[in-house]
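Next come the chains, spelled out residue by residue.
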Amino acid sequence: ELVRAGTLTWLFSGLRSDEIARLRVGCIRWHHEGTAITGDSDQVLARDAVCLLDVPTHKTGTAFTNPVDPILGQALDTWQTFRPSQPPLLDRRTGERVDPLFAVRARRVSSSYINNTIIPMLCRKAGVPAADVRGNITSHRARSTIASQLYNAKEPMTLFELQAWLGHRSPQSTQYYAKISPTTLARAYTDAGYFARNVRTIEVLIDRDAITTGAAANGEPWQYYDLGHGYCTYTFFEQCPHRMACARCDFYTPKASSKGQLLEAKNNLQRMLANIPLTDDERAAVDDGHTALDQLLERLVDVPTPTGATPREIGGRATPTLLPIVSVSHSNQG
């Protein structure tokens, strides 16, 4: 029971080896709905039962109390029932006579017990080496691992909550443990919505016939950006300032026109996607709606189109084009 209790304390408490060695009898307390209960109460099994671990004064601060997994609390309660009666021993840090939790034959278990006994024994039983690419497996490995897991959980601890749980005096010490996992970083990147806000994906029709026959090399249109209401054949569409407010210059082909219908009737068309980064004005038009879009149209009225003419010279109101986000589905390849 001593080995089991020591192992679970190492794995689940997040304490330093010295703090584990200095835990005292009665360090586990149980609470249910704000009321203290005994460790053998049926309420311990309730989902909202809280197990608290009292940690004595340590190297960087005063005594503190941490919530821990009930599995650890039950293991320590079990060990206390099997623990032989021991005389009080001197706590070198506080100078008090106390009842150490981990003591046998009137001697306190050493702070090196985990490194020298528990970890080698567990590695032998599991058939794994006592070292890996990060070096020797030490008592500190569990502390850093559980801290990183708590920081990267689905509902993670904040840096200051983790600081209190680890018993650190300053958040600078906690930052060493608060390593962001690739999964958490990927989730944060996705939640930031950079591409959803700053990039739009537009469908492009590629006329394979125009390419293979050489017509594209002679200046004939070969790519058609789908604006919804028509097609733009300007090769550098992503650089056109009128892409979200098409001025219907000579590069524009309405879908309802005979040319647009002939294009859609072609068999040798390849459909592709192009990412279009948005400017600040375009993003405002997307986020803020018609008012921002009207302001964008006013600013572009005298800006030349790819043909050289301005929307004012072309005449007629520009056609707003809110570039869509085209979803791409990836099929599983067998």
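Brief notes about the overall build of the protein
In terms of regular secondary structure, the protein is built from 14 helices and 17 strands. Every one of the 334 residues in the protein was classed for burial, and the buried ones make up 38%. Considering only intrachain contacts with a sequence separation of at least 6, the fraction spanning at least 24 residues in the protein is 58%. Of the roughly 19,500 Å² of accessible surface on the protein, 53% is carried by carbon and sulfur atoms.

Observations regarding the packing of aromatic side chains
Counting across every chain of the model gives four aromatic pairs. Considering the side-chain rings of Tyr-225 and Phe-237, the 4.6 Å spacing of their centres and the 20° angle between planes classify their relative orientation as stacked. Placement of Tyr-225 in strand S12 (residues 223–226) and of Phe-237 in the loop between strand S13 (230–232) and strand S14 (245–246) is noted, with a sequence separation of twelve residues between them. With respect to class, Tyr-225 is no different from Phe-237; both count as buried. Their ring planes at 55° and their centres at 5.1 Å tell us that Tyr-234 and Phe-251 sit as a pair that is tilted. Taken together, the positions of Tyr-234 in the loop between S13 and S14 and Phe-251 in the loop between S14 and strand S15 (252–254) put the pair 17 residues apart, joining distant regions of the chain.

Regarding helix H3 (residues 70–82)
The end-to-end C-alpha distance of H3 is 19 Å, a good match for the 18 Å that 13 residues give at a rise of 1.5 Å each. What H3 keeps buried is the set Leu-72, Gly-73, Ala-75, Leu-76, Asp-77 and Trp-79. Along its buried surface, H3 packs onto helix H1 (2–12), strand S1 (28–32), strand S3 (49–55), strand S4 (64–68) and strand S7 (103–104). Looking at where H3 begins, the residue whose side-chain oxygen comes 2.8 Å from the main-chain nitrogen of Ile-71 is Asp-69.

Considering the nonpolar core
Among the nonpolar cores identified, the biggest contains 28 residues, and Leu-53, Leu-76 and Phe-102 are the most heavily contacted of them. If you tally residues by element for this core, the top one is helix H4 (residues 113–126), at five residues. Not counting residues within four places of it along the chain, the set of residues in contact with Leu-53 comprises Ser-13, Leu-15, Leu-23, Cys-27, Ile-28, Phe-64, Thr-65, Asn-66, Val-68 and Leu-76. Cys-232, Tyr-234, Cys-246 and Ile-276 belong to the second-largest nonpolar core, a separate cluster that totals 13 residues.

Describing the pattern of salt bridges
Under the definition given, this model contains ten salt bridges. Note that Asp-226 is salt-bridged to Lys-255, the shortest N-O span being 3.0 Å. Of this pair, Asp-226 sits in strand S12 while Lys-255 is found in the loop between S15 and helix H11 (258–265), placing the two residues 29 residues apart along the sequence. Note on Asp-226: relative accessible area 15%, which makes it buried. For Lys-255, a relative accessible area of 22% puts it in the partly exposed group. Three or more residues are tied together by salt bridges with common partners; here these are Arg-22, Arg-24, Asp-91 and Glu-96.

A closer look at the pairing of S12
What you see with S12 is no split at all: Gln-223 and Tyr-225 on one side and Tyr-224 and Asp-226 on the other are buried throughout. Of the strand pairs in this sheet, S12 and S13 are connected by two bridges, and their pairing is antiparallel. Each residue of the ladder has a partner; that of Asp-226, found in S13, is Tyr-231.

What about the side chain of Arg-83?
Structurally, Arg-83 is set in the loop between H3 and strand S5 (89–90). There is no salt bridge for the buried Arg-83, and the closest opposite charge comes from Asp-99, which lies 5.1 Å off by N-O distance. Within the structure, the side chain of Arg-83 is placed 2.8 Å from the backbone oxygen of Pro-100, a separation counted as a polar contact. A distance of 3.3 Å separates a polar side-chain atom of Arg-83 from the backbone oxygen of Leu-101. Residue contacts for Arg-83: discarding those within four places in its chain leaves Val-25, Asp-99, Pro-100, Leu-101 and Ala-103.

Notes on H4
Given 3.6 residues per helical turn, the α-helix brings residues three or four places apart onto the same face. With 14 residues, H4 extends 19 Å between its outermost C-alpha atoms, agreeing within 8% with the 20 Å of an ideal straight helix rising 1.5 Å per residue. For H4, the set of buried residues is Tyr-113, Ile-114, Ile-118, Ile-119 and Cys-123. Contact partners of the buried residues in H4: H1, helix H2 (17–21) and helix H5 (139–151). Just downstream of H4, Gly-127 is the residue with a positive phi angle, here 70°.

A few points about the confidence of the model for the protein
It should be kept in mind that the predicted coordinates are not to be read in detail where pLDDT is low. Per-residue pLDDT for the protein has a mean of 80; in total, 80% of the residues score no lower than 70. Here residues 325–334 is modelled with pLDDT under 50, and outside its nearest four sequence neighbours on either side it reaches seven contacts, counting other chains as well.

Some points on the packing of H5 against helix H6 (residues 159–166)
Contact geometry for H5 and H6: axes closest at 10 Å, N-to-C directions at 150°. Viewed along their axes, H5 and H6 adopt a mutual orientation that is roughly antiparallel. Crossing geometry of H5 relative to H6 is assigned as right-handed. Contacts between H5 and H6 involve Arg-143, Ile-146, Ala-147, Leu-150 and Tyr-151 from the former and Leu-159, Leu-162, Trp-165 and Leu-166 from the latter. A class-by-class count of the residues in the contact of H5 with H6 yields eight nonpolar, no polar and one charged.

Each value, and the rule that gives it
Residues numbered from 1 in each chain as written. Predicted model: local features only at pLDDT ≥ 70, side-chain atom pairs only at ≥ 80, totals over all residues. Heavy atoms only, no water. Helix = DSSP H or I, 4+ residues; strand = E, 2+ residues; numbered from the N terminus. Buried < 20%, exposed > 50% of the residue type's maximum accessible area, 1.4 Å probe, protein only. Contact = heavy atoms within 4.5 Å. Areas by Shrake-Rupley, 256 points an atom, 1.4 Å probe, with all protein chains shown as cover. Phe/Tyr/Trp six-rings, centres within 6.5 Å; stacked < 30°, edge-to-face > 60°. Expected span 1.5 Å × (residues − 1). Polar contact = N/O pair within 3.5 Å; in protein donor to acceptor, adjacent residues only side chain to side chain. Core = buried A, V, L, I, M, F, W, Y, C linked by side-chain atoms within 4.5 Å. Salt bridge = Lys/Arg side-chain N within 4 Å of Asp/Glu carboxyl O. Pairing = 2+ DSSP bridges. Lys, Arg positive; Asp, Glu negative; His and termini not counted. pLDDT = per-residue confidence, 0-100. Axes fitted to C-alpha atoms, helices over the stretch in contact; angles between N-to-C directions. Parallel < 35°, antiparallel > 145°, perpendicular 65-115°, else oblique. Left-handed = near helix turned anticlockwise from the far one by under 90°. Nonpolar A, V, L, I, M, F, W, Y, C, P; charged D, E, K, R; others polar.

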